[in-house]
Amino acid sequence: MELKNHNLIKSIEDEWGTPFYLMFPDRYRNNLSSFLDAFKKRYPKIIAGYSFKTNYVPGLCEIAKLMGVYAEVVSDMELDLAIKLGFENIIFNGPIKKKNSLIRAINHNAIINLDSEYEVDTVCQLKLAHPDMQMRIGLRLNVHLIDDDGNSSIQCGLKHGRFGFPKLLLSRNIERLRSAGISICSIHGHTSSCDRAVINYKVITDYMISVCEDYGLNDVEYFNIGGGFFGAAPEGMDLTGRYTYNDYANVVLDSALSSPWFTQCQPSIVIEPGSSVVSNVFEYYTKVFQLKQIGSKTFVIVDGSVFDVKPTMHQGNLPHSIIGGNNLASEIECDVVGSTCMEKDIILHDVKLPYASAGEILQIKGVGAYTISLSPSFINYLAPILSIENGSIRLIRRRQVLDDLLNIYNL
Ligand SMILES: Cc1ncc(COP(=O)(O)O)c(C=O)c1O
């Protein structure tokens, strides 16, 4: 549903004020099922674990749960949330897993991908103390996404990613788990890249298969390639060079289906999509308060904030438009700046907008990933979220109030 309808937006504004987010559940469902279908065309055993950190709005996670998607969590907090939301299938990743969380995850039959040796220590001790304890344990591999010329595709161009077990530590830890009577049912290769390129998933898949072959990991039921994909983009975004769900599925399956180990063991392939399924599911609406000319620069000042739209402060301008308004004929070149007292609260840089007067509403698309889960109560109250489905509007998060902010403090 394309919300260009000025009256509808105005009625939401009248009831809940600005700024606010809109959530479109249909888009999320479509994205998830299209991603899964891309794999299912060639291999039936495919599981998605939705990356909570990307956006853990409960109303959104609930949709994933109803679709049979697993919760992919990386912390105590996210584990608690997945349990509270009633997820029966949980994948527990992340670099810090304290003993109590591991026990909690084991009791919920979660698939636990160990990231470091201290976690091997903990699960081995637990197994020793409770030999009957059933656990679903996996290993995250440290994948070297660096080409022959030394160019790194790892996030931020890092020479070494820090997650998972490097090759040198594999043998020792696989042996320790085996000696403790723990079988390895999952292998995990998530590696965040700067380019989200399809070729990375060939490197990841091939490396995961080689480890499984070299160490005879024939109990692996979950072949988890992680997340970090491109996917459904909001309208208006330049899609040049962007890979599709099919591209990722094909490159992974080309490698997997040509491996004797894979075809013999037939594990489920697990994907952990975040941005690729949620970016276009949320839009943000904020009200123009002032046009201000300072020297050669025009600023359009709105009541929202960059912390709501792109708290990672990346330099790109997200697709945007002025909803309705009176002066759509004349354009202005401007920066759209937010309501915090930070110079860097710049929501849009050097953009051309239809002349916007105070009271008009600016729409920003593609704000579903790493926004709501990353934005702090910084200067402003957290904005409400409304879900739009089948023509009806449902408030799924109200605007924050002072008590929400103060409740965790002792006054
Ligand atoms: C283990 C793991 N899985 C999945 C994801 C989701 O990645 P994205 O939101 O980029 O798709 C991440 C993000 O860093 C991750 O660390």
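Residues numbered from 1 in each chain as written. Predicted model: local features only at pLDDT ≥ 70, side-chain atom pairs only at ≥ 80, totals over all residues. Heavy atoms only, no water.

## Side note on the overall build of the chain
Looking only at helices and strands, the chain features 13 helices and 17 strands. Against the globule reference of 22 Å for 411 residues, the chain gives a C-alpha radius of gyration of 23 Å, in line with a compact fold. Buried residues in the chain amount to 52% of all 411 residues. Of the contacts formed within the chain by residues at least 6 apart in sequence, a portion of 69% connects residues at least 24 apart. (Helix = DSSP H or I, 4+ residues; strand = E, 2+ residues; numbered from the N terminus. Rg over C-alpha atoms; globule rule 2.2 N^0.38 Å. Buried < 20%, exposed > 50% of the residue type's maximum accessible area, 1.4 Å probe, protein only. Contact = heavy atoms within 4.5 Å.)

## Brief notes about helix H5 (residues 99-107)
Regarding H5, the residues found buried are Ser101, Leu102, Ala105 and Ile106. The arc that holds the buried residues of H5, viewed along the axis, is 140°, so those residues lie on one side. Opposite its buried face, H5 presents the exposed residues Asn100 and Asn107, each directed more than 90 degrees away. On the buried face of H5, the contacting elements are helix H4 (76-84), strand E4 (90-92), strand E5 (111-114) and helix H6 (117-129). (Arc of directions from axis to C-beta.)

## Topic: the pattern of salt bridges
One pass over the full model with this rule turns up 17 salt bridges. Where Asp404 meets Arg398, a salt bridge forms, and the shortest distance between an N and an O atom there is 2.6 Å. Judged by its relative accessible area of 30%, Asp404 is partly exposed. The exposure class assigned to Arg398 is partly exposed, which follows from its relative accessible area of 45%. The network of salt bridges with common partners includes Lys10, Glu13 and Lys287. (Salt bridge = Lys/Arg side-chain N within 4 Å of Asp/Glu carboxyl O.)

## Concerning the site of the ligand
Every one of the 17 residues lining the ligand counts as a neighbour, but Arg196, Gly228, Glu272, Ser275 and Tyr370 are closest to it. In this structure, Gly228 approaches the ligand through a main-chain N or O atom, which is 3.0 Å from an oxygen atom. The separation between a nitrogen atom of the ligand and a polar side-chain atom of Glu272 is 2.7 Å. Relative to its unbound accessible area of 390 Å², the ligand is 90% covered by the protein chains. Of the residues assigned to the shell around the ligand, the class counts are 2 nonpolar, 10 polar and 5 charged. (Near = heavy atom within 4 Å. Polar contact = N/O pair within 3.5 Å; in protein donor to acceptor, adjacent residues only side chain to side chain. Areas by Shrake-Rupley, 256 points an atom, 1.4 Å probe, with all protein chains shown as cover. Nonpolar A, V, L, I, M, F, W, Y, C, P; charged D, E, K, R; others polar.)

## Concerning the side chain of Ser305
Note that Ser305 resides in the loop between strand E11 (297-302) and helix H12 (306-309). Judged by relative accessible area, Ser305 falls into the buried class, the value being 3%. A polar contact of 2.8 Å, which involves the side chain of Ser305, links it to the backbone nitrogen of Phe307. Excluding residues that lie within four positions of it along the chain, Ser305 makes contacts with Tyr284, Gly338, Ser339, Thr340, Asp345, Ile347 and Asn380.

## Remarks on the pairing of strand E15 (residues 361-365)
Of all 5 residues in E15, 5 are buried; the element is thus mostly enclosed. Burial along E15 is two-sided: the residues Ile361, Gln363 and Lys365 and Leu362 and Ile364 are all buried. Bridging between strand E10 (residues 282-294) and E15 involves 5 bridges; their strand directions are antiparallel. Counted as the bridge partner of Glu283 is Lys365 from E15. (Pairing = 2+ DSSP bridges.)

## Digging into the domain arrangement of the chain
By domain assignment, the chain separates into domain 1 (6-23 + 281-406) and domain 2 (41-273). Here the C-alpha centroids of domain 1 and domain 2 sit 35 Å apart. Contacts between domain 1 and domain 2 engage 15 residues on the former and 13 residues on the latter. Both faces considered, domain 1 and domain 2 share a buried interface measuring about 1000 Å² in area, 68% of it formed by carbon and sulfur atoms. Together, Pro319, Tyr370 and Ser373 form the three largest contributors to the area buried by domain 1 at its contact with domain 2, with a combined 43%. Between the two partners, domain 1 and domain 2, sit 1 salt bridge. One salt bridge connects Glu235 with Lys365, and the closest N-O pair in it is separated by 3.6 Å. In this assembly, domain 1 and domain 2 are joined by 4 residue pairs in polar contact (both at pLDDT 80 or more). Residues belonging to the side of domain 1 that touches domain 2 are distributed by class as follows: 10 nonpolar, 4 polar and 1 charged. (Domains from an automatic or database assignment. Buried area = accessible area lost by both parts, 1.4 Å probe.)

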